[in-house]
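Analysis of the macromolecular model
Listed below are the residues making up each chain.
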Amino acid sequence: MAAALLAAWVVPVAAHLLHRHWLLPPLVLLATASLLRGGRTLLDRLMLATMLLLGATTGAGLLFAVWPWGLHPVPVAGTALTVLVGVALATRRRPKLPRPGWPDLFCVLGTAAIVGYLAQPLLRAGDLATQLTLLGRGEDNYRHLALFDAIGRAGGYLFVDPAAAREQIVSALVYYPQGWHLVTALLDGHLTGIDDAPGGTHVAGHYLWWCIAGFGLLALTMQWTAQRIPGPLHPLHRTVLTVVVGALILGTQLPRLLIAGYPAEVLGLAFTVALAGLVARPLGGTREQLVLLGALLTGIGFTYYLFLPAAAVLALCWFVGHWREALRVWPTLLVVALATAALASTAPLLGVLRAGQTEALTALIGRDVTQTWRALLWLGGVVVFALAVQVRRADRAWRRTLLVMLVGILFALAIAQLSINAGGQPAYYFNKAGHLATVLLIVGTVGLVRLLPAPQRGRGPLRRILTTAAATLTAVALAVTAVAVCGVTGWHRSVLLTDKQSWAQRWVHQKLDQPVRAAVVCQEASRRYPPVPWATTLVLDRGPYRSYLEGLCVSALQGTTAQTEHGVYVMVFFEPDRTREMLRRVPGPVRFVVADPGSRRRVEKLLEAEPELRTRVTVEVMIITDPYS
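For the structure given in this document, a descriptive report is provided here. Per-chain numbering applies: the sequence of each chain, read as written, is numbered from 1 onward. Per-residue local features are limited, in this predicted model, to residues with pLDDT of at least 70; the limit for side-chain atom pairs, both in listing and counting, is 80 or more; totals at the level of whole chains, interfaces and linings are taken over all residues. Side-chain figures throughout are based on the complete set of non-hydrogen atoms in the structure, without hydrogens or water.

Regarding the overall build of the protein chain
- In terms of regular secondary structure, the protein chain is built from 30 helices and 3 strands.
- Dimensions of the protein chain along its principal axes, counting C-alpha atoms only, are 95 × 65 × 50 Å.
- Think of it in three bands: residues with accessible area under 20% of the maximum for their type are buried, residues over 50% are exposed, and the middle band is partly exposed, with areas taken using a 1.4 Å probe on protein chains only. Here the protein chain holds 629 residues, and 55% of them are scored as buried.
- Only heavy atoms matter for contacts: two residues are in contact if any of them lie within 4.5 Å across the pair. Across the protein chain, every contact between residues at least 6 apart in sequence was considered, and the portion connecting residues at least 24 apart equals 78%.
- In this description, accessible areas are obtained by the Shrake-Rupley approach with a 1.4 Å probe, and a residue is regarded as covered only by the protein chains that are shown. On the protein chain, roughly 26,900 Å² of surface is accessible, and the fraction owed to carbon and sulfur atoms is 65%.
- Charge-centre separation for the protein chain: the mean point of 55 positive side chains lies 17 Å from the mean point of 33 negative side chains. Helix and strand labels come from DSSP, where a helix needs a run of H or I of at least four residues and a strand needs a run of E of at least two; each type is numbered from the N terminus. For the purpose of charge, His is not counted, nor are the chain termini; Lys and Arg are scored as positive and Asp and Glu as negative. For this purpose, a charge sits on NZ of Lys, CZ of Arg, CG of Asp or CD of Glu.

Set out below in structure tokens:
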């Protein structure tokens, strides 16, 4: 024990001295997995450990924000390893890992194919302007980018000290759920080194790759959960299940989360899918089940608490069915329940009471909800029917899986009704709830695959050949049908979408040979005109909306979103009124970076009309020519 406690701090210090911080997260992951006992294969154990660590890290972010070391790898890893040594002592468990199982290959290969496909734009994005072109597909990317960078520099959650946070980030993001940003900033510090933390123009590439990694985690969690629910399954069926789940991931709205810039929602979906899998097929150890459910609920609360009601209902369903086992370990139940209630409710209470975020239920923004209704009705109908056929099986996992699907569908319908009751209509957050229902229904397609005939053994060579051939043809037919109807091949559009081109195809097949104008302006403005303490830097270009996007981009790269907030957000979209309002709302000196002759003339006319503004206005001319339009 003494040697283990010593090693818990010597190893992180040695990694720091050798500039090998990237070794610490895998070490903590393996150490955590070796102390768990749930799951049959190595992938099971690693996935459980990953979800436990991610959920616990979102809660530990409160500690990181108040202790003096922030997100430094040495104290973070040293504390984590010390806790693990204490857990080993309390549980009297020695480190032990199961062997890899052949079912693990289906999840790993299926996820690798999806991630490799979706990572193509990033592999082609060789410079900053191209990376900014990718980010510009969804303006929310700029806000998440700024929050990711600010948390990395602050070393913890920003809402712990709102006054200090207002000097680093736009006010609307102070109480935004920051779990994803904290986790990625922490891991990014391990990869780049604490002294080389991303900032300025480098932060865009780091952010994009963490978005891809988050989507990869969601895809892996969905594949793993779908493969785990049925228990023993024929390799032919596992192959079909991998293809069906992968095709639906690419053929639904899910890749839009990459385009629009919703990384926090992606991690919240991964947490909820993992929790749903543990409800459908619980772990053998009640204590581990309780701890994992608590960690996942905490992660959802800190990451994307819109999904917290549905996740809490699922956890309650597990407790109702296993209350006797839970009460036998009542000390663990009490500690986990109290800790989870306190931690998981922190971000929701701050968002509702301090930021008024429930008003967004009436928001009419967002894309057409037809795609969400198609997922609920068509995919939901097929999956619920397939699972209902199997509720009489001896394995209760099928009944619990059907319950999970119904909870997901009813949650989306409840959000739609809440929006109507609040005076709006199903729109933005109905789509968000529909995303949760969609990922659960995709996992639920295991019920459809389970209905396929399996090859028979030991009934004579002729009959064995015939049954194997029939089972193989049926399986191939289902796999090909799934790939075709989801539009993966590109022959026709997905039946679950309304546009001819799927979201995955839009993301992968973007034209990146020439960056868009807004990206070039943002890159050049950040390079030529770094932030200065004596003035607020604002960008002016042709058209008010383009100026708005470029202002978001420059302030995110320069870490000045707090200073530029009044000159970027909640402005009129007409010129010259917008430029005049910038000067009225932004106090102190203003530095205009003009990227277009028209915006230059507009500023000159404004200064001629109001000469008193010349004392606090500086104009930097940076004309970008039309080839980048």
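Quick word on a nonpolar patch on the surface
- A patch is a set of surface residues, each over 30% in relative accessible area and not in a salt bridge, joined within 9 Å for like charges and within 5 Å for the nonpolar side chains Val, Leu, Ile, Met, Phe, Trp and Tyr. A side-chain nitrogen of Lys or Arg and a carboxyl oxygen of Asp or Glu constitute a salt bridge if their distance falls within 4 Å. Judged by side-chain polarity, W373, L377, W378, L406, L410, L413 and V495 come together as a nonpolar surface patch covering roughly 650 Å² of accessible area.
- Secondary structure elements with two or more residues in the nonpolar patch: α20 (370–388) and α21 (397–421).
- Residue placement: L410 occurs in helix α21.

Structural notes on the sheet that holds strand β3 (residues 617–621)
- In spatial order, the strands read β1-β2-β3; together these 3 strands make up an open sheet with parallel pairing. Single-partner strands in this sheet number two, and they are β1 (536–540) and β3. Recorded for the sheet is a direction-independent mean angle of 25 degrees between the axes of neighbouring strands.
- In this structure, strand β2 (residues 590–594) lies alongside β3, joined through 5 bridges in parallel fashion. Within β3, the position partnered with V594 by the bridge is V621. Should DSSP find at least two bridges between two strands, the strands are taken to pair. Each axis is a line fitted through C-alpha atoms, taken for helices only over the stretch in contact, and angles between the N-to-C directions span 0 to 180 degrees.

A short note on unusual backbone geometry
- Between E575 and P576 the backbone carries a cis peptide bond, its omega angle lying at 10 degrees.
- Relative to the elements of secondary structure, P576 occurs in the loop between α28 (561–568) and α29 (577–585).
- Its identity as a non-glycine residue notwithstanding, H19 has a phi of 60 degrees, on the positive side.
- Inspection of the secondary structure puts H19 in the loop between α1 (2–17) and α2 (24–35).
- The exposure class of H19 is exposed, given its relative accessible area of 58%.
- The phi torsion at R92 lies on the positive side, around 55 degrees, for a residue other than glycine.
- Mapped onto the elements, R92 comes out in the loop between α4 (73–91) and α5 (103–118).

Section: the pattern of salt bridges
- Tallied over the entire structure, the rule returns 18 salt bridges.
- The partner of R143 in a salt bridge is D140, and the shortest N-O contact between them spans 2.7 Å. Remark: D140 and R143 occur in helix α8 (residues 140–154); sequence separation between them is 3 residues, near one turn of the helix.
- R517 is the partner of D541 in a salt bridge, and the nearest nitrogen-oxygen pair spans 2.9 Å. Placement of D541 in the loop between β1 and α27 (544–558) and of R517 in helix α26 (residues 517–528) is noted, with a sequence separation of 24 residues between them. Pair check on accessibility: D541 and R517 agree, each one buried.
- Via salt bridges that share partners, E139, D140 and R143 belong to a single interconnected network.

Focus on the packing of aromatic side chains
- Ring pairs are drawn from Phe, Tyr and Trp, using the six-membered ring of Trp, whenever the two centres fall within 6.5 Å, and their geometry is named by plane angle: stacked under 30 degrees, edge-to-face over 60, tilted for the rest. Under the criterion given, the structure shown has 15 aromatic pairs.
- Ring centres of W180 and Y207 lie 5.8 Å apart, and the angle between their planes is 85 degrees; this geometry places the pair in the edge-to-face category. Taken as a pair, W180 in helix α10 (residues 179–192) and Y207 in helix α11 (residues 203–228) lie far apart in primary sequence, 27 residues in all. Just as W180 is buried, Y207 falls in that class too.
- Measuring from centroid to centroid gives 4.9 Å for W373 and F430, while their planes differ by 45 degrees, and the two rings are tilted. Of this pair, W373 sits in helix α20 while F430 sits in helix α22 (residues 428–444), and the two are 57 residues apart along the sequence.
- According to the relative accessible area criterion, W373 is partly exposed, its value standing at 32%.
- Pairwise contacts between aromatic rings join Y545, Y548, Y569 and F573 into one cluster.
- Here R256 stacks its cationic end above the ring of W503, 5.6 Å away from the centre of that ring.
- Two conditions define a charge sitting above a ring: the NZ of Lys or the CZ of Arg must be within 6 Å of the ring centre, and it must be within 35 degrees of the ring normal. Across from the ring centre of F573, 5.2 Å away, lies the NZ or CZ of R578, which sits over that ring.

Points about the pairing of β1
- The buried fraction of β1 amounts to 5 of the 5 residues, a majority that puts the element mostly inside the structure.
- Here β1 shows a buried face lined by T536, L538 and L540 and a second buried face lined by T537 and V539.
- Sheet topology note: the β1/β2 ladder contains 5 bridges and is parallel. Bridge pairing in β2 links T537 to R591.

Describing α5
- Expected helix span is given by 1.5 Å per residue-to-residue step, counting one fewer step than there are residues. Taking 1.5 Å as the rise per residue, α5 with 16 residues should run 22 Å; its terminal C-alpha atoms sit 24 Å apart, in good agreement.
- What α5 keeps buried is the set P103, D104, F106, C107, G110, T111, I114 and L118. Burial along α5 is one-sided: seen end-on, the buried residues are contained in an arc of 165 degrees. Residues of α5 that are exposed and point more than 90 degrees away from the buried face comprise L105, L109 and A113.
- Where the residues of α5 are buried, they touch α3 (42–66), α6 (120–124), α11, α12 (235–251), α13 (256–260) and α25 (503–508). The arc in question is the one traced by the directions running from the helix axis out to the C-beta atoms.

Thoughts on the state of the cysteines
- Any pair of cysteine sulfurs within 2.5 Å is marked as a disulfide. A complete count under the given rule lists 1 disulfide for this structure.
- Its sulfur unpaired, C486 is 18 Å from the next cysteine sulfur, which belongs to C107.
- Exposure remark for C486: the relative accessible area of 2% places this residue in the buried category.

Overview of the packing of α2 against α3
- Closest axis-to-axis distance for the α2/α3 pair is 8 Å, and the angle between their directions is 115 degrees. When the axes of α2 and α3 are compared, the pair comes out roughly perpendicular. Between α2 and α3 lies a crossing whose hand is right-handed. Residue-level contacts link V28, L29, L30, T32 and A33 of α2 to R45, L46, A49, T50, L52 and L53 of α3.
- Residues are sorted three ways: Asp, Glu, Lys and Arg are charged, Ala, Val, Leu, Ile, Met, Phe, Trp, Tyr, Cys and Pro are nonpolar, and all the rest, Gly among them, are polar. For the contact of α2 with α3, the per-class residue count stands at 8 nonpolar, 2 polar and 1 charged. The labels follow the angle: roughly parallel below 35 degrees, roughly antiparallel above 145, roughly perpendicular from 65 to 115, and oblique for the rest. By definition, turning the near helix anticlockwise from the far helix through less than a right angle yields a left-handed crossing, and turning it clockwise yields a right-handed one.

Considerations on the pairing of β2
- When you tally the buried positions in β2, you get 5 out of 5 residues, the bulk of the element.
- The alternating pattern of β2 places V590, F592 and V594 on one face and R591 and V593 on the opposite face, and all of these are buried.
- A crossover gets the label right-handed when its path from the first strand over the helix to the second runs clockwise, viewed with the strands pointing away from the viewer. Between the parallel pair β2 and β3, the chain is carried across by helix α30 (residues 597–609), and the sense of this crossover is right-handed.

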